[in-house]
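Summary of structural features
Read off the chains here:
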Amino acid sequence: THNGEMLTYNTLLGFNVLEAARQNGVKRALVVSTSCVYPDDAEVPIKEDAFNGTPEGVNEGYALGKINMEKQAQYYVNEYGMEIAIARPNNAYGAGDIWDGKKSHVIPALIKRVLDGEDPLTVWGSGEQSRAFVHVCDIAHGFMLLTEHYAVGDPVNVGHQNETRIGELAKKICELT
C-alpha cells in the first residue's frame, strides 16, 4: 500500500477545497469522508461513536487523510461559522463502478471474476465477513439530505443496517450470471 502518499494527497485535497470554499464565501459544503476511519474491530453495524482515532489498517493513510479533512471541517464550522455536513458513506455500488479486478470494490470485482470464468471462485477471507452495500443513488440522496438538514460539522454514516456476507454475495452473483 501507499499510506504516505494517500495521507498526503487526501489531506491536501481536503484542506485545499475547504480553504478555497472559506476564502470564496461558500456558506454550506459537504465533506465526503469514509467508513475506513473506523477501526478493523468496529462492531457491525458501525455507529458513529465507534470512531476512536485508529482507522482501518489496510487503508490507514487514506483514512487519516479523511480524518484530517473532517477535523478541518469541524474547525471551520466553529471558527468561521461555515455550514459543513460530514458524510461517511458505506460500501457504494452502482453506475460508475470500476471493473478492473485490481482496483475494483467488492461487487464489481466479484462480478468480473465470475464473468472472466474464475472457477472455482475464490472469495477474500472466510466469506463470513459482511458489508452494508448501498446503491450510489441512495448515497447521493443521503448526501443531499445531510447537507440540507445537518450541516453542523458532525460526521454521519450514510448507509443502512442490512449486512450481506461476502460468501452469500458471491453465491448470488454466481446464480445471476
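Conventions used here
- Residues numbered from 1 in each chain as written.
- Predicted model: local features only at pLDDT ≥ 70, side-chain atom pairs only at ≥ 80, totals over all residues.
- Heavy atoms only, no water.
- Axes fitted to C-alpha atoms, helices over the stretch in contact; angles between N-to-C directions.
- Helix = DSSP H or I, 4+ residues; strand = E, 2+ residues; numbered from the N terminus.
- Parallel < 35°, antiparallel > 145°, perpendicular 65-115°, else oblique.
- Left-handed = near helix turned anticlockwise from the far one by under 90°.
- Contact = heavy atoms within 4.5 Å.
- Nonpolar A, V, L, I, M, F, W, Y, C, P; charged D, E, K, R; others polar.
- Pairing = 2+ DSSP bridges.

Quick look at the packing of helix α1 (residues 3-23) against helix α2 (residues 60-80) now. It is the contact of α1 with α2, at a shortest axis distance of 7 Å, that shows an interaxial angle of 20 degrees. Taken together, α1 and α2 sit at an angle that is classed as roughly parallel. Read as a crossing pair, α1 and α2 show a hand that is right-handed. Facing Asn3, Met6, Leu7, Asn10, Thr11, Gly14, Phe15, Leu18, Glu19 and Arg22 of α1, the residues of α2 in contact are Glu60, Gly61, Tyr62, Leu64, Gly65, Lys66, Asn68, Met69, Gln72, Ala73, Tyr76 and Tyr80. The residue inventory of the contact of α1 with α2, partitioned by class, reads 10 nonpolar, 8 polar and 4 charged.

Before going further, it helps to examine the sheet that holds strand β6 (residues 155-158). Strand order in this open sheet of 3 strands is β1-β2-β6, and the pairing throughout is parallel. The sheet terminates laterally at β1 (28-32) and β6, the two strands that pair on one side only. Sheet twist, expressed as the average angle between the axes of neighbouring strands with direction ignored, equals 30 degrees. The sheet strands contacting α2 are β1, β2 (83-89) and β6, and the helix crosses β2 at an angle near 155 degrees.

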